[in-house]
Every structure is written in C-alpha cells, then in structure tokens.
Amino acid sequence: MPRILSKEILAPDVVRFWIESPHIARKRKPGQFVILRTAEGGERIPLTIADVDRARGAVSVIVQGVGKSTRQLNAMDAGDEVLDVAGPLGRPTDLHPGRRVCCVGGGIGAAVVYPIACGFKALHGRVVAIIGGRTKDLVILERELREVADRVVVTTDDGSHGTKGLVTDALQALLAEGEVFDEVVAVGPLPMMRAVVEVTRPLGLRTTVSLNPIMLDGTGMCGGCRVSVGGEQKYVCVDGPEFDGHQVDFEELSARLGAYREDEAASLLLYERERLAAGEPA
Amino acid sequence: MAKKILQKTKNPMPLQDPVERARNFEEVALGYPVDLAVLEAQRCIQCKNEPCIAGCPVEIDIPEFIRQVAERDFEGAFRTLMDRNVLPAVCGRVCPQEEQCEARCTLGVKFEPVAIGRLERFVADYANLVKFTDDTPPQPPTGHRVAVVGSGPAGLTVAADLAKLGHQVTIFEALHKAGGVLVYGIPEFRLPKSIVEREIDGLRRLGVEIRTNHVIGQTFTVDELFTELGFEAVFIGTGAGLPSFPRIPGINLIGVYSANEYLTRSNLMKAYLFPATDTPAIRGRRVAVIGGGNTAMDAVRTSLRLGAEHAYLIYRRTRKEMPARAEEIEHAEEEGVEIIMLAAPTAILADERARVRAVRCIRMELGEPDASGRRSPVPQAGSEFDLDVDIVVFAIGQGANPLIRNTTPDLPVNKWGNIIADEGTGATQKAGVFAGGDIVTGGATVISAMGAGRRAARAIDAYLRAPSSDGFSPTDV
Ligand SMILES: Cc1cc2nc3c(=O)[nH]c(=O)nc-3n(C[C@H](O)[C@H](O)[C@H](O)COP(=O)(O)OP(=O)(O)OC[C@H]3O[C@@H](n4cnc5c(N)ncnc54)[C@H](O)[C@@H]3O)c2cc1C
Ligand SMILES: Cc1cc2nc3c(=O)[nH]c(=O)nc-3n(C[C@H](O)[C@H](O)[C@H](O)COP(=O)(O)OP(=O)(O)OC[C@H]3O[C@@H](n4cnc5c(N)ncnc54)[C@H](O)[C@@H]3O)c2cc1C
Ligand code: SF4
Ligand code: SF4
Ligand code: FES
C-alpha cells in the first residue's frame, strides 16, 4: 500500500503530503489528478497532483479538510499507508511553448495552478501568478510560486497580506497596468472562477478553468462528473478536468456539487463525534 | 437407472419471501438443498446427442455433470464444470439459461427443461462448502508474460486459462476491486460479492498477479505494456463502460443517475450502509428507472432496497420485448416494482433546488419491426403525462470507453468505438493485442465474455509458443 513519506501543514486544515507511487510519478503531466482511498469503506477522493519527485517515486497532493474524507486523510501521518492511489487521471494541461499566462489560484486552487504554472514555465513561457485567500494564513504556495513565476501577486480579503481585495481585483489591475496575456488559468472556489471568467469574457481572453465535480470512478464509467460545456455534455474525469471557462455552465455545476450536502454534513458530524470520543483532536 | 415417472416441471428454487427481501440485500434465491438437487438431476434423460451442450457458450459437458450429481458424486461434478468454466458459481446464478443451455434441452420440448443453471450453482456452492479445490496441477512455467486489461469475466477467464498453461499473467484493473460488472454492477442480492471474491482468490492461487488501481491508457498505455513492462501479449477486456443519456431536457439535474453510477454507489461503494461507509446515494422515495434489460431490473430492485416507496420501471416497448431475463422481471414484480410499458421520457422536471421533481413521459405504440427485428415504438402525439419522482435512473445501454482507443491509435475500432477482433481468436489488427467481451461485442452476457476469453487464451498460447512471432498471424490458429 502506498506510504505517506511526509506531511506538512501549509495552512489551517490544509496539508501537503508526499505519497509513494512511483508508476504515477513517472507518467504524470501537469493538470492530472489521482483518486485516493484512505480506508476500506472510504470514498474515492479525487486530488490534483501538485508535484512529483521522480527520484523518490512520489507524488504530492495538497488537501483541504472540508468533509469527513479529506479530514480523515489530513489526520494521517508520515509513515502511515493509504489504502490505494489510482492515476494519473484526466487529460494533461494543454501547454504551449512561450505563452504569456496568468495563473490565478484562489485558496486551495493555488495547489492546482502551481503545477500548471510549472508546466508553462518549463516551456519558456512568461508566468504571472495571482494567489489569494481570505486572510494571510490561508494563502498557500507563495514561496513555491515565487520560485517558478516571473511575477507573483498576493491578495487577501482582509488585507492582512499582499494587497487587500479579491484575485479578480488584482487581475483587473494587472490588465489595466498593461500586462498582456495569451491565456488565463483560474482555479478556486466556483464563485471565484465565475468572477474571473466574467472579467476576461469581454476581452475575448482565453480562460481555462479546472473543474471539481463530484466523482466516483474517475474513468468515464459512471457519468456522475458530467457538466455542460458549450451546451455539450462532458465527463470531467476523462474529457477534463480543464475546460474553456467561457463555455462552462457554472450554475449547473454548483447545484450538482450540493447533491449530497445533508449526507455529507451528517457523515462529518458522526466522524467528529467519534474522534472526540476517542480523545483525538477533531 | 430404474425407469420412473418423469417429473414434468423443474423443482422450484427456494426463494426469500418477496416482502422481506425487497428491503434487504441478502441473496434472493437460496439454492437447492442436496436432496432437491439430486432429484432435479434425476430428471435428465441423458440424451445421446447432448443438445444442451451446444447451447452453452463454453460447452460444459452438461449430461456428464448432471449424471454425477444424480449419483451424488459432487466432487466429480465440480471437476466436470471447472474443466470448462472457471466461474460456475457466478454463471449458475446469472446466465440467461432459458435462452442458452436450457433452451436446447430435450425435456423442454414437451415439459420444462432440466434446471441446468440451478444445478450448476448447487455444485459450485457445495464445492465451496466442503472446500473442493480444482487441483489440476498447472503446467511448468513457460517464462512468457501476458498482460490482461480489465478484470471482468472475459479478463478473469483469459488469465485463468493462461496461468494453467504455465504463463505468467498480470491483470490490470482500473478500479480498486477486481471483478468488473460482477462487483460494481450486479447487486449483492443476485450475486453475493463473497462468491466473486472466492473465484478471484482461486485465480491468485494459480499465480495470477492482480494490480488494481491501474487505468490502462493513463497509468500505462497499451504500447508501454510491451515496451516498458516487457509483456509479450496483451488481452483487452475492458467491458462496455460508457453510460448513455438521452438528449432530453433536465438530464443533469440532481437525482438523475446512470445505472452504472447508481449501481456502483450501491454495490462497489456500499452506499446502502452509509454512514457506516462514506459514499452516499440519494435515497429516492419515488424512483423511475428507464430501460428493460438486466441492468434496469437491477437498478429498480436496488431502489426498493434503498427505501423507495414506489419503484417504477419505464419501458418503451411491451413486456414481451424486454431484454431482461424473465425470472428477473418476475422477481421484480413480486417485490413490488410497478412496470409502465409503452412509455418513454421526454423531459425531467426540476424543483427550485435543481432536484428532480417529476419525469415527463410520452405514450408509445408498437409500429413496424426495426433492424433488431423488434417492433419499434412510435410516440403518440399529445399523450404526455408527468410522473412524480425524485430519482431517475437511465439504463438504456452503454458505449465503449474511449481511454484505450484514444491512446492506442493503431488499434482499429468500429463506428461505435468497439475494438475490432476476430471472433474465433480475439486477435486484433495490432500485433500481440487480443480483445474480447463487451468491449468487442457491446453489452452482452457474462458467459459470452467468458467464451471470448477462453478462445483468446488458446490463441494467445499459440501466439506465444510460435517459433517466431514475425509473420505469424494469430487469425491462422
Ligand atoms: C479533479 C479534482 C481535483 C481535486 N483536487 C483537489 C486538491 O488538489 N485538493 C483538495 O483539497 N481538493 C481537491 N478536490 C476536491 C476534493 O476531491 C473534495 O474536496 C473531496 O472529495 C471532498 O470529500 P469530503 O468527504 O472531505 O467532503 P464532503 O463531505 O464529501 O464534501 C464537502 C464539500 O466538498 C464538495 N465535494 C464533495 N465531494 C466532492 C468531490 N468528489 N469532488 C469535489 N468536491 C466535492 C461538496 O460539494 C461539499 O461542498 C478535487 C476534486 C476534483 C474532482
Ligand atoms: C447491471 C448489470 C447486470 C447484468 N446482468 C447480467 C446477467 O444477469 N447475466 C449476464 O449474463 N450478463 C449480465 N450483464 C452483462 C455482463 O455483466 C457483461 O456482459 C459482462 O460483465 C462483460 O464482461 P467483460 O469482461 O467484457 O467486462 P466487464 O465485466 O465490464 O469488466 C471490465 C473491467 O475492465 C475494467 N476497465 C475498463 N477500462 C479499463 C482500463 N482502461 N484499464 C484497466 N481496467 C479497465 C473495468 O473497471 C471493469 O472492471 C449485466 C450487466 C450489468 C451492467
Ligand atoms: S455456463 Fe451458462 S449456458 Fe453454460 S451450462 Fe452453465 S448456465 Fe448453461
Ligand atoms: S438435453 Fe436436457 S435432458 Fe438431455 S442431456 Fe441435456 S440436460 Fe439432460
Ligand atoms: S467520475 Fe465517473 S465518469 Fe467521471
């Protein structure tokens, strides 16, 4: 079973793991993800591959604890083994050499844009990264992005770090300043991706988003991850996860993400009670 | 054997009570007890010309195994079965016997045929109980390595046959559990998962390596199985795993499922145990399943077990044309499934939270026969009606999954995306690559997938043993 090689807390409830998976590390390209299970009876959790270390045969994932499955994963430690990891899944990012790209990451979205930024940079592009969070503690991967990107702009809602405001404010400021982009890549909470898409739409500026619908198998077998893109039905796990943001029906995606809200809440509550009863930190 | 008065009807299968079973996931059919099995076996008149064998896609020596049951030589009967069929406990349960072996049974001309499937199941279950194992010693190792993609019945059969011949076999399975449709599709109440696991353990004992969580086309391409991993032949048995939805409004509402998703949530992820397990399924109070095949039956019967108060099956033709096994349709009705014939959905209607509120259907009439020979349904203008439901499950057939085809450009496929392979050998037009099961034929049956696996194993064995693979055409085998 794949062993967790290291664990590092990047922000409250946000953890970076390096997990042994040599065959996945070998094949993975930017934009791809894995599906991981922590225990028998557990969910198949889709997670973007944030980075790979081919020498160690390991992949890194950055996980935000939002519900039972992700919290259970985040409670694991270096040396523990997860039950299984399948991948790399999904299509790689459509990378082109020498492009001027603005990578916008909101919250945990930074973990998804980071490998994409690396991919464009490796092809000699000019990469500007905008990352944002509600407050200073929630901004992740700033150091890593500064190492690859030509320019990094940080925003926080409360102004505790970087400029005060939203990532879209920063994007608009950059455009007003005269930065020219061939493409924008935006990943983060749905309202953020929608806002970015509305900034770039009038400019006809190509905008790629990475979608995170609820998935099951991740191989195109169930159709549960379907979204409407340009009026066509797409299976995100095999046709995506990246799509032209101007074509995505965000409203539908947002509704579908709420399909199991009550069940998820019940499951989390039960889990936290069990942990409390066992004397572990919830 | 002393001449006796022939019993005209099959000995009935003991079943769980319909009211009770509609609310649990325990197996519906309980199996013959020993004496009943022997009694049923004694109905067989041991026809000289053995017509039943020709009805079985893997050609089990049916009269022989039945004779052995009649003589209480259960171990012998088990060996006779295993000689031809590596999954007897599965086939005895899910084969459409009434169209295959039993359709050819001489007794069936005037009376009911011998219950061949029930006897097969009995022998396999008995063998498990008293722990007979198939102890045919495997051939000495040949040193040849074969990769099998997909662990459904086709892949499992190829793997078993090749392992017995001494080849080293590795199965690559995309999901976390081996078995294909047998584990994620067909529900526990029709095929207990412990039985599939048992059969797969048998494969491991033969030395077959099973690598789950390996998606071929992603983790490795077919070409990399040769070049990077050093396999000499590859068998593709990836099934028919791409769900179809009709082009009608409302298809992406919350509560609209493909049968694949609904059944996978329930069977593979055990949603019926939620929250003890972590993957939920929407527990519809009123559920509509669209379709008339085995998949539709499994979905609609699952919905009852997940707590539905009304479980509707909507089918555009009549009961007579339903492709599902007659027995499954009967079981579904006994359990309370309401069948709405001659109707098809035209739209799914939402409530204010984008959840399913109703399905709008149109009535059909049967017109002229179509290409399949069945009379085709014709919509009746102005006959629309709304049925209040909170879940709609589509079980209307499946396409071919594109992952392998997209990453293996020199593997020819037909216009539906199914791999083109020789029927007798499974050979594709790509050297060293064989294929069989639903990925070649489109959705078919467990036993036909196994038959394809068996034929491919023979051809792969010949391919591996050929003095030089150069210029060898497996279609010559
Ligand atoms: C391709 C892809 C890549 C992803 N990459 C990352 C990543 O790198 N880091 C990360 O932290 N998260 C990532 N996610 C999201 C992550 O998979 C979900 O947060 C996780 O499955 C939620 O499980 P849970 O039990 O902890 O929460 P739940 O209790 O199931 O849900 C909590 C919330 O998450 C949403 N959610 C539930 N299931 C999923 C799901 N399968 N996918 C997406 N959202 C879901 C729900 O709408 C709900 O609002 C990715 C999702 C996809 C599809
Ligand atoms: C709900 C349902 C009920 C059915 N009931 C009956 C019945 O009662 N009787 C009957 O005879 N038949 C029945 N069938 C049909 C029967 O199950 C299939 O015909 C049979 O399983 C086909 O076998 P297969 O080996 O070709 O593929 P499958 O059983 O589909 O197995 C294919 C396997 O390959 C894996 N795979 C796919 N792509 C990849 C990849 N790229 N890399 C690695 N692995 C991959 C899949 O995950 C799967 O495990 C039913 C089917 C369904 C869906
Ligand atoms: S495998 Fe199927 S067709 Fe063959 S004898 Fe058994 S039940 Fe009949
Ligand atoms: S056809 Fe029927 S009666 Fe004749 S041998 Fe076969 S099973 Fe027995
Ligand atoms: S997750 Fe099942 S098809 Fe994408």
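Relevant structure appears above.
An account of the accompanying structure is given in this report.

Cut-offs and rules
Residues numbered from 1 in each chain as written. Chains lettered and ligands numbered in written order. Predicted model: local features only at pLDDT ≥ 70, side-chain atom pairs only at ≥ 80, totals over all residues. Heavy atoms only, no water. Pairing = 2+ DSSP bridges. Helix = DSSP H or I, 4+ residues; strand = E, 2+ residues; numbered from the N terminus. Axes fitted to C-alpha atoms, helices over the stretch in contact; angles between N-to-C directions. Contact = heavy atoms within 4.5 Å. Near = heavy atom within 4 Å. Nonpolar A, V, L, I, M, F, W, Y, C, P; charged D, E, K, R; others polar. Buried area = accessible area lost by both parts, 1.4 Å probe. Salt bridge = Lys/Arg side-chain N within 4 Å of Asp/Glu carboxyl O.

**So, the sheet that holds strand 2 (residues 168–172) of chain B**
Residue and element names in this part refer to chain B.
And then number 1: Read across the open sheet, the five strands follow the order 3-2-1-4-16; overall the sheet is parallel. Here the strands that pair on one side only, and so sit at the sheet edges, are strand 3 (209–211) and strand 16 (433–435). On average, adjacent strands in this sheet sit at an angle of 20° to one another, irrespective of strand direction.
And then number 2: Relative to strand 3, strand 2 is paired through three bridges, and the arrangement is parallel. If you follow Phe-172 over to strand 3, its bridge partner there is Arg-211.
And then number 3: Against the sheet, helix 9 (residues 153–164) touches strand 1 (145–149), strand 2 and strand 4 (233–236), its axis set at about 165° to strand 2.

**Overview of the site of ligand 3**
And then number 1: As a structural note, the neighbourhood of ligand 3 is formed by Cys-56, Pro-57, Ile-60, Ile-62, Asn-85, Cys-91, Cys-95, Gln-97, Gln-100, Cys-101, Glu-120 and Ile-447 of chain B.
And then number 2: For the shell around ligand 3, the residue count by class is eight nonpolar, three polar and one charged.

**So, the site of ligand 4**
And then number 1: Close to ligand 4 lie Cys-44, Ile-45, Gln-46, Cys-47, Pro-51, Cys-52, Pro-63, Cys-105, Thr-106 and Ile-116 of chain B.
And then number 2: Residue classes in the shell around ligand 4 are distributed as eight nonpolar, two polar and no charged.

**Considering the interface of chain A and chain B**
And then number 1: Counting residues at the interface gives 44 residues for chain A, matched by 42 residues for chain B.
And then number 2: In this assembly, chain A packs against chain B so that about 3600 Å² is buried in total across both faces, 52% of it on carbon and sulfur atoms.
And then number 3: The interface formed by chain A and chain B includes four salt bridges.
And then number 4: A salt bridge links Arg-353 of chain B to Glu-262 of chain A, with the nearest nitrogen and oxygen atoms 3.5 Å apart.
And then number 5: Mapped by element, the contributors of at least two residues to the side of chain A that touches chain B are helix 1 (22–27), helix 2 (68–74), strand 7 (84–89), strand 14 (226–229), strand 15 (232–235), helix 8 (250–257) and helix 9 (261–277) of chain A.
And then number 6: No other element matches the six residues that strand 7 of chain A contributes to the side of chain A that touches chain B.
And then number 7: Grouping the amino acids of the side of chain A that touches chain B by side-chain chemistry returns 15 nonpolar, 16 polar and 13 charged.

Keep in mind these numbers describe shape, not what the thing actually does.
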